[in-house]
Amino acid sequence: MDVFDELLRDVRGKGAVFGRSVLWPPWSLRFTDGAYLTLCVPLRGAGWIVPESGEARHVALGETAIVRGPAPFCFTDDPPNGAAPERRTGVREVNWGEDAPDAADRDLELSCSTALLAAAYDVREQVPQRILRALPPVLVVPDEQDCSPMRDYLEAQIEGGRPGHQIVLDRLLDWLLVCTLRDWFDRPEAEPPGWYGALGDEVAGPALRAIHEDPAHPWTTAELASRAGVSRTTLAKRFTELVGNGPVAYLTEWRMTLAADLLTRPELTVAAVARRVGYADAFGFSAAFKRLRGESPSTYRQEAATAHVPDHAVPAG
């Protein structure tokens, strides 16, 4: 299994699109919904994303932005000048979760300077968090493949109101999110995590993929080294240089990441989670989990069950 695919496999939008905002200057949108990721796609015009902390970024037509939350941020028409943008000024907003706009509204939209499509993702799972932690507060990726037909199709889906249009939009935006992240990590200004670069390495790559293909297997350094056709010493040295720790330590860390997400499933006992990540008994698993996570599996499960889940229905306003 491709490691990047695995980390993003469960990042899915379910009613994720909370609005298409139709804007005439002067305008400013403030997003306070606490999403872990927000995808911003200008369908017309451009604007500035101003995070609560970090550098403001300009986003133009033909670019896609991802904002890492959960801190609030603004999308505004004015370049930042040191003052916080107004919460909202001169904004006309159409939320396509409501009824589609009538013909008069659609005619007005043609005269607007900016139309923004935004989607929020509440990514609380530990597996995709391994990617999120490597992202800057705001990233902007230019469209180098000319995705204008896709943007046109998004607008058509928004306005068409056909049965199933919500799920179609969710999946299109899921695709755009993954493509944007992948393109970002390939850019020179990105700082991808060590494992991302190790995937293409002829020594560390085979061992890394083996771990992700079967994390419950009792891998040893010798067995992983045989996958790459090198000695244990060579593998351990190269793997540590690229990833930051040795292959067995990485295996344990990855198992605990998987376990953290499995523990949020109430139908699985701690013993069942232990078996799924390669431990014969719950005691050994619990000891490893507490050593790496700082709390027992039972405590982690209780805290996850009582965690507050924010409402991402609409942007504040």
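**A short note on helix α10 (residues 247-262)**
Phase 1: A rise of 1.5 Å per residue sets the reference length of α10, with its 16 residues, at 22 Å; its end C-alpha atoms lie 22 Å apart and thus fit the reference within 8%.
Phase 2: Within α10, 13 of the 16 residues are buried, which leaves the element mostly enclosed by the surrounding structure.

**Topic: helix α12 (residues 282-293)**
Phase 1: Compared with an ideal rise of 1.5 Å per residue, which puts twelve residues at 16 Å, α12 spans 16 Å between its outermost C-alpha atoms and is within 8% of the ideal.
Phase 2: Looking at the buried positions of α12, the neighbouring elements they touch are α10, α11 (270-276) and α13 (297-306).
Phase 3: N-cap assignment for α12: the residue whose side-chain oxygen lies 3.0 Å from the backbone N of F283 is D281.
Phase 4: Phi turns positive, to about 80°, at G294, one or two residues after α12.

**Section: the sheet that holds strand β5 (residues 57-59)**
Phase 1: Across the sheet, four strands lie side by side as β2-β7-β4-β5; this open sheet has antiparallel pairing. Since the sheet does not close on itself, it has two edges, and those belong to β2 (28-31) and β5, each with one partner. With strand direction ignored, the average angle separating the axes of adjacent strands in the sheet is 25°.
Phase 2: Pairing analysis gives four bridges linking β2 to strand β7 (residues 73-76), with the strands arranged antiparallel. Note on β7: the bridge partner recorded for F31 is F73.

**With respect to the confidence of the model for the protein**
Phase 1: Per-residue pLDDT for the protein averages 78, and the proportion of residues at 70 or more is 71%.
Phase 2: Contacts of residues 14-18 to residues separated by more than four positions or lying in other chains number 26 contacts, the stretch itself having pLDDT below 50.
Phase 3: pLDDT under 50 marks residues 82-110. Its contacts with residues more than four places away, or in other chains, come to 65 contacts.

Conventions and cut-offs
- Residues numbered from 1 in each chain as written.
- Predicted model: local features only at pLDDT ≥ 70, side-chain atom pairs only at ≥ 80, totals over all residues.
- Heavy atoms only, no water.
- Helix = DSSP H or I, 4+ residues; strand = E, 2+ residues; numbered from the N terminus.
- Expected span 1.5 Å × (residues − 1).
- Buried < 20%, exposed > 50% of the residue type's maximum accessible area, 1.4 Å probe, protein only.
- Contact = heavy atoms within 4.5 Å.
- Polar contact = N/O pair within 3.5 Å; in protein donor to acceptor, adjacent residues only side chain to side chain.
- Pairing = 2+ DSSP bridges.
- Axes fitted to C-alpha atoms, helices over the stretch in contact; angles between N-to-C directions.
- pLDDT = per-residue confidence, 0-100.

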